[in-house]
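# Survey of secondary and tertiary structure
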Amino acid sequence: MPFDGILTHFMAQELNTKLSGGRIGKIYQVSRDTVILHVRAGGENHRLLASCNASSPRIHLTENQYETPDNPPVFCMLLRKHLSGAIIRGFQTSGFERVITMEAEATDELGDLAHKKLVVEIMGKHSNIILLNSEDRIIDAMRHVDSEVNRVRELLPARPYIAPPAQGKLDPSLESTRTILVEGLSESGRSVENYLLDKLQGFSPVLCRELCARASLDERRSASGLTSEEAARLAETLRNMMDTLLNQGPVPVVVHDAASGKPVDYHITDLVQYPSRKHYDTISQAVDAYYRSRLMKEANAQKSHELAKTVGKYIEKCEKRLSANVQVYEENMDYERFRLFGELITSSIYALKKGMNSARLRNYYAEGEEYVEIPLDPQKSPQDNAQYYFRRYAKAKNACNYAKNQIESLKKELSWLESVMLALENTEDSSQLQDIRLELYEQGYLKSLPRKGRRETGLNSSPIRVVSSDGFEIFIGRNNKQNDRLTMKTARHEDIWLHVKDFPGSHVIIRTEGRQVPDSTLEEAAGYAAWFSKARSAPKVEVDYTPVRNVKKPSGAKPGMVIYVNYKTIVATPKAPETGEA
């Protein structure tokens, strides 16, 4: 877990610097395991976030805005009762344990000064937020723990607070620790990373790997297999790391996956084991940036998945209707033969009589001498058989024409739904998702919008913008509503419009500014159009391009649906843009 004991220790120092002497104002519980305290300190307003979420327990200052529930939970009301208006006296930790205690003073109901503590335990699934009185008795805890769960350490109102048991690990800042660490290597059968994790207080797996990386050691090697020189180098690296932290201060950093750009870790020491790193001025900024990006992506992915399920159901329904109409069309497409049968029977009615099973009649519409075998109902007269075939002709013709119109309409609907699904697969943030949700609502595929969505009816996100190697601006629509605005409003008539051939995809615009577009820029833009399409996985993709003046939107067409003429086609390799901006 990134929020380890080392980071906790220095976070307490940062919070002391920022918030000591500050007054607690409003208190909100923004989720079932996260609270935010508004603090006025040093002439500035701060928001202190504390969370005991099992996957992201933490405490730090945040600049994010969170929606608050209309009815505050009981624990939130309790915090307001005891901490509203309180003065923060400081934040303490015990060594490098993952527990921060905020001490505060507030007046009680009688006007007397009362000492309170808010304990934030950052311990994975056992994380908790606990409010204590001046005698260290529990006023309440966000998560109650009774004797059935833990007989030694109950976390219930009125119980005395007992700190989490010490794990017996070594203080990494002490000289004696390095000696013990080296001496124990030869007796350990574990990997170097796990050996360090077992021995060093406050160290998380990422910090253990960082220590190995700086010591030029493979963390997967057996600890007992290290040479004396390697063991000494490991101890010296630990000394340098702790001396730098304690004497020069933390270096807050967030590391990202080089390919996807997603945040993968953070800490307060420069993580040289990762190639892609971003530094921040404070620990809170780094932690806030990491969780803002991670939690937004997780929430966005969940909402995107829910919308994708809805769109998927419509696609399935549309495909079934399309298949049924294709079958009807194929069954009735030869409806003209029924009219022919009726007319031939009528023209030869003098030669027919009731009781005949069939008739072989000459087709006077055909060139040459051609005869047609016509089945007859022996129970019907020739006139009734002729009327039967005329009725079948009318019915089959109507069914065929209706199915034909439905097939055309359903193909357009299916193409649009697939474009929406593609946009959902490529969505990166909540604003893009809101655009798609609004599009589905406007087209009648969603019955309602969330409260926020009902207020925001405009376009929330922006197209991707890149600059080609020749200096031309290239814009890429992220969804259908963006595609419409980009092509029909933003682009100029002389700009170049690109779209993958015969597949759902993004509209791509090359801003010409009156210049001739070179082939290299055209190939780049075509590669982006292929990448942001359903044909992305193909090695080569056909992409149509034409001046924007040749692109029209039919009346009543769904978002993103256009027609175009006088186009040319280029074969491109799908390529993701290297740089972009929202």
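The notes below deal with the structure included here.

Quick notes on the rules
Residues numbered from 1 in each chain as written. Predicted model: local features only at pLDDT ≥ 70, side-chain atom pairs only at ≥ 80, totals over all residues. Heavy atoms only, no water. Helix = DSSP H or I, 4+ residues; strand = E, 2+ residues; numbered from the N terminus. Expected span 1.5 Å × (residues − 1). Buried < 20%, exposed > 50% of the residue type's maximum accessible area, 1.4 Å probe, protein only. Contact = heavy atoms within 4.5 Å. 1 Å grid on protein atoms, 1.4 Å probe; cavity = no way out; pocket = protein on both sides within 12 Å on 5 of 7 lines; lining within 4 Å. Points joined across faces, edges and corners; volume = space filled by probe spheres on them. Nonpolar A, V, L, I, M, F, W, Y, C, P; charged D, E, K, R; others polar. Pairing = 2+ DSSP bridges. Core = buried A, V, L, I, M, F, W, Y, C linked by side-chain atoms within 4.5 Å.

### Focus on helix α8 (residues 336-347)
- A rise of 1.5 Å per residue sets the reference length of α8, with its twelve residues, at 16 Å; its end C-alpha atoms lie 17 Å apart and thus fit the reference within 8%.
- All buried positions along α8 are accounted for by Phe338, Leu340, Phe341, Gly342, Glu343, Leu344 and Ile345.
- In this fold, the buried residues of α8 make contact with β13 (358-362), β14 (371-375) and α9 (382-426).

### Quick notes on the layout of surface pockets
- The calculated volume of the second largest pocket comes to roughly 900 Å³.
- Surrounding the second largest pocket, 41 residues form its lining, Glu97, Val99, Met123, Pro164 and Pro165 being those nearest its centre.
- Every element with two or more residues in the lining of the second largest pocket is listed here: β6 (99-107), β7 (113-121) and β8 (128-132).
- With three residues, the single largest contributor to the lining of the second largest pocket is β6.
- Within the lining of the second largest pocket, the residues separate by chemical class into 18 nonpolar, 13 polar and ten charged.

### Notes on the pairing of β7
- Within β7, seven of the nine residues are buried, which leaves it mostly tucked inside the rest of the structure.
- Linking two consecutive strands that pair antiparallel, namely β6 and β7, is a turn of five residues; a positive phi of about 85° is found at Gly111 within it.
- Pairing analysis gives five bridges linking β7 to β8, with the strands arranged antiparallel. Bridge assignment links Val120 to a residue of β8, and that residue is Ile129.
- Taking the residues between adjacent antiparallel strands as the criterion, β7 and β8 are bridged by six residues, where Gly124 takes a positive phi near 60°.

### Focus on the nonpolar core
- Residues Leu37, Leu83, Met102, Leu196 and Phe203 are the most contacted members of the largest nonpolar core, which totals 69 residues.
- Among the elements that make up this core, the one with the highest residue count is helix α1 (residues 5-19) (seven residues).
- In contact with Leu37, other than residues within four places in its own chain, are Ile24, Lys26, Ile27, His46, Arg47, Leu48, Leu83, Met102 and Leu118.
- Listed in part, the 24 residues of the second largest apolar core include Phe472, Ile496, Ala529 and Val541.

Just geometry here; none of it tells us what the structure is for.
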